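Report on the structure
Single-letter residue listing:
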Amino acid sequence: MGKLTFKKEEKLSGEKSIQELFTKGSSFYLSPFKVITLYSNSSVNRVLISVPARTFKKAVDRNKIKRRIREAYRINKEKLTSNKKLLIAYIYTAKVILPSTVIHEKLILTLAQINKGNEEN
RNA sequence: AAUGCAAGCCGUCUUAUCGUCCUGACGGUAACGUCAGGAAGGAAAGUCCGGGCAACAAAGAGUGCCGUACUUCCUAACAGGAAGGUCCUGACUGUAAAAGUCAGGAACAGACAGUGCCACAGAAAAUAAACUACCCCGCUGCGCUAGUCGCAGAGAGGAAAAGGUGAAAAGGUGAGGUAAGAGCUCACCGGGUUGAAAGUGAUUUCAGGCGCAUGGUAAACCUUACGGGUUGAAAGGCCAAAUAGGUCAUAUCCACGAAAGUGAUCAGCUACUCGCUGAUAGUUUACUGAUAUGAUUGGGUAGGCUGAUGGAUGCUGACGGCAACGUCAGUACUAGAUAAAUGAUAAGACUGGUUGUAAAGCAGCCAGACAGAACCCGGCUUAUAGGCUUGCAUUAUUU
C-alpha cells in the first residue's frame, strides 16, 4: 500500500452497479456529504462522487468541488480498514463551495464512520 | 501625457510534493512499472440560425404549415458578411433657396385583390362631414339718414378657406378668382404616371403630359415572390460474456420389443415454446423420452469497439477583386474524456487596488475576471478583472 493513486478502476461507473448502489445501499448524512455504501465482490473499493446541478448550475463550480473531494479521498483512502470491498457514493449536499481543508476533515470523519459500520457487521 | 469612443490582440507565470487521461518505446504471462511526448476557450456558454455526416422516407402536382423579404455580390450554406441604393435622425460646411460631407438608425415587398380595426377627444375617423365663425337668398320685426341701408330673429341653401379636437382632418406655399370659397385657374414644391438616357440591379437624371377626393394599420388576417422531407451522435455500424434456446456427438437412466434393435422424418394448428392432430418410416399392435458432459450455432442483454477528431483548419507571401472573398505556393498544427481526465496543496514572482510615510522607494493587507471540450465546422447573441496596439475626438504642457 502507500500508493496514493486514483485510477479508472476505482471510479464507479456503469448504470447497473450505480442503480444497485442507490436502491440497496445503506446511507448516512455527515455534513456536507450524504454517503451511500454497499458491499461488492470487486477487487477494489469503487467510488462515485456527485454534485447536484440543481444547487451548482455552473459546470466550473461542480468540477471544482468534485476535484477537491476526489483529492481528499485519494489522500485518505488507506484509512479504510475493511476487508470486504465497498461501493461508495459521495453526494455533496452543502449549498456553498467549501475550502479544501474543511472537505478533507469531514471526509476523514466519513471514513471513520464507514469503518465503524464494518466492525458492527 | 490624460480621458472618452471604435477596431484588433492578450487574458497570469515559476518551483516543489502528490496525482488523472491519451500516444509511443522498453521490461513483464499479466497486473503493472520506467522513460519520452501531448492534454480546454475567446467565448469551450446560450443552443438562436446555417451546413457537413448518418438513418429513415419519397412518382409528380396542388393545398396547408413554417421561414425569409430594398439591390447586387460573397459563401458549402445562412436570418451571417461585403459593397451599394432609398427614407429618417443628428452634427458640420454652405446658400437667396438648394446642395454636399460625416455619424447613427430602419420588420426597407404589397393598403386602387379582398376582409377587419382606428380608443379618448372631436361636428365629422372614411362611397366624407357643417359645431362656432363666414357668404348669398327671400320672409318677419325694429331703427332713421328712407336706401341696391343697418340690426335682430327663425327658414332655405353655399362653402373644407378660419377656429377648436386628435397620433392622423382628405396635397403644401403664394397669386388670381369668387357672394364667400374651393386644383376652380396659374407658378413653384410634393405626388403618381409615360418616355428617353445611365446603371448587372435597387435606383438616379432629364423631358412630356396628369389637377391629382378616396387616410393609417400587413409586429391584423391576408396577397405576391423565393426557400424548406423527417429525425439527430442517446444517429448509425460492428463485436459479444452470463443465462435461456437450436443442432450434433458421447455416456447413463428410462420406455417398447422374444431378440436384433428402436426412441425418427414431414405437414397442419399457434407469434413462439409446450401441446394436439394427421401422414410416412423403423419386419411391428407398442414406443418415438429424460439427464449430464463436450462441440457448434442463430438472435442478442450486460459490456466493449467504431462513429470520433486532418479540417469549407490556421499563418505567411504572390495574384485577382472597392470589399466580403477567391486562386496558387510555402509552412504549421494536431485534447479526445465517457457517472465524464486536463488537478490538489504549499511557497514565490508578476499585475492592479488600498493603507502608512513629505515623496521615490519600502512595508502591510486585499484582489487576479467570465467561464470547462462532449460528432465536427461557419456565423450570431450574451458574460468578461486587468493589460497591450492602432485610429479618431477633447483637454493640458513643451518646442
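Report on the accompanying structure.

The rules behind these values
- Residues numbered from 1 in each chain as written.
- Chains lettered and ligands numbered in written order.
- Predicted model: local features only at pLDDT ≥ 70, side-chain atom pairs only at ≥ 80, totals over all residues.
- Heavy atoms only, no water.
- Helix = DSSP H or I, 4+ residues; strand = E, 2+ residues; numbered from the N terminus.
- Buried < 20%, exposed > 50% of the residue type's maximum accessible area, 1.4 Å probe, protein only.
- Contact = heavy atoms within 4.5 Å.
- Areas by Shrake-Rupley, 256 points an atom, 1.4 Å probe, with all protein chains shown as cover.
- Pairing = 2+ DSSP bridges.
- Axes fitted to C-alpha atoms, helices over the stretch in contact; angles between N-to-C directions.
- Core = buried A, V, L, I, M, F, W, Y, C linked by side-chain atoms within 4.5 Å.
- Salt bridge = Lys/Arg side-chain N within 4 Å of Asp/Glu carboxyl O.

**Quick look at the overall build of chain A**
- The secondary structure content of chain A amounts to three helices and four strands.
- Each helix (α) and strand (β) of chain A, taken in turn from the N terminus, gives the series α-β-β-β-α-β-α.
- In chain A, which comprises 121 residues, the proportion classed as buried is 36%.
- Restricting the contact set of chain A to residue pairs at least 6 apart, pairs at least 24 apart contribute 79%.
- Carbon and sulfur atoms form 51% of the exposed surface of chain A, whose accessible area is close to 7700 Å².

**Quick word on the sheet that holds strand 2 (residues 33-40)**
- Strand order in the open sheet made by the four strands is 1-2-4-3, with mixed pairing throughout. Only two strands of the sheet have a single partner each, and these edge strands are strand 1 (26-30) and strand 3 (46-50). Strand-to-strand twist in this sheet, taken as the mean axis angle between neighbours without regard to direction, amounts to 20°.
- Two strands pair when backbone bridges link them, and strand 1 and strand 2 are joined in this way by five bridges, in the antiparallel orientation. Among the inter-strand pairings, Phe28 is bridged to a residue of strand 2, identified as Val35.
- Helix 2 (residues 59-76) rests against strand 2, strand 3 and strand 4 (85-92) of the sheet, and its axis sits at about 150° to strand 3.

**Some details on the nonpolar core**
- Ranked by internal contacts, the top residues of the largest apolar core, which has 23 residues, are Phe33, Ile69, Tyr90, Tyr92, Leu107 and Ile114.
- Ranked by size, the runner-up nonpolar core spans eight residues in total, among them Leu12, Ile36, Leu48 and Ile91.

**Describing the environment of Phe28**
- Residue placement: Phe28 occurs in strand 1.
- Judged by relative accessible area, Phe28 falls into the buried class, the value being 17%.

**Some words on the pattern of salt bridges**
- According to the stated counting rule, one finds one salt bridge in the structure shown.
- Glu71 is the partner of Arg74 in a salt bridge, and the nearest nitrogen-oxygen pair spans 2.5 Å. Taken together, the positions of Arg74 and Glu71, both in helix 2 and three residues apart, correspond to about one turn of that helix.

**Some details on the side chain of Arg62**
- In this structure, Arg62 sits in helix 2.
- Setting aside residues no more than four positions away along its own chain, Arg62 makes contact with Val51, Pro52, Ala53, Phe56 and Lys57.

**Quick notes on the pairing of strand 4**
- Here strand 4 lies mainly inside the structure; seven of its eight residues are buried.
- Looking at chain direction, strand 2 and strand 4 are connected through eight bridges and run antiparallel. Each residue of the ladder has a partner; that of Ser40, found in strand 4, is Lys85.

**Details of the environment of Thr93**
- Positionally, Thr93 belongs in the loop between strand 4 and helix 3 (100-120).
- Judged by relative accessible area, which is 35%, Thr93 ranks as partly exposed.
- Along the primary structure Thr93 and Phe33 are separated by 60 residues, whereas in three dimensions their C-alpha atoms are 5.6 Å apart.
- Beyond its immediate chain neighbours, meaning those up to four positions away, Thr93 contacts Pro32, Phe33 and Lys34.

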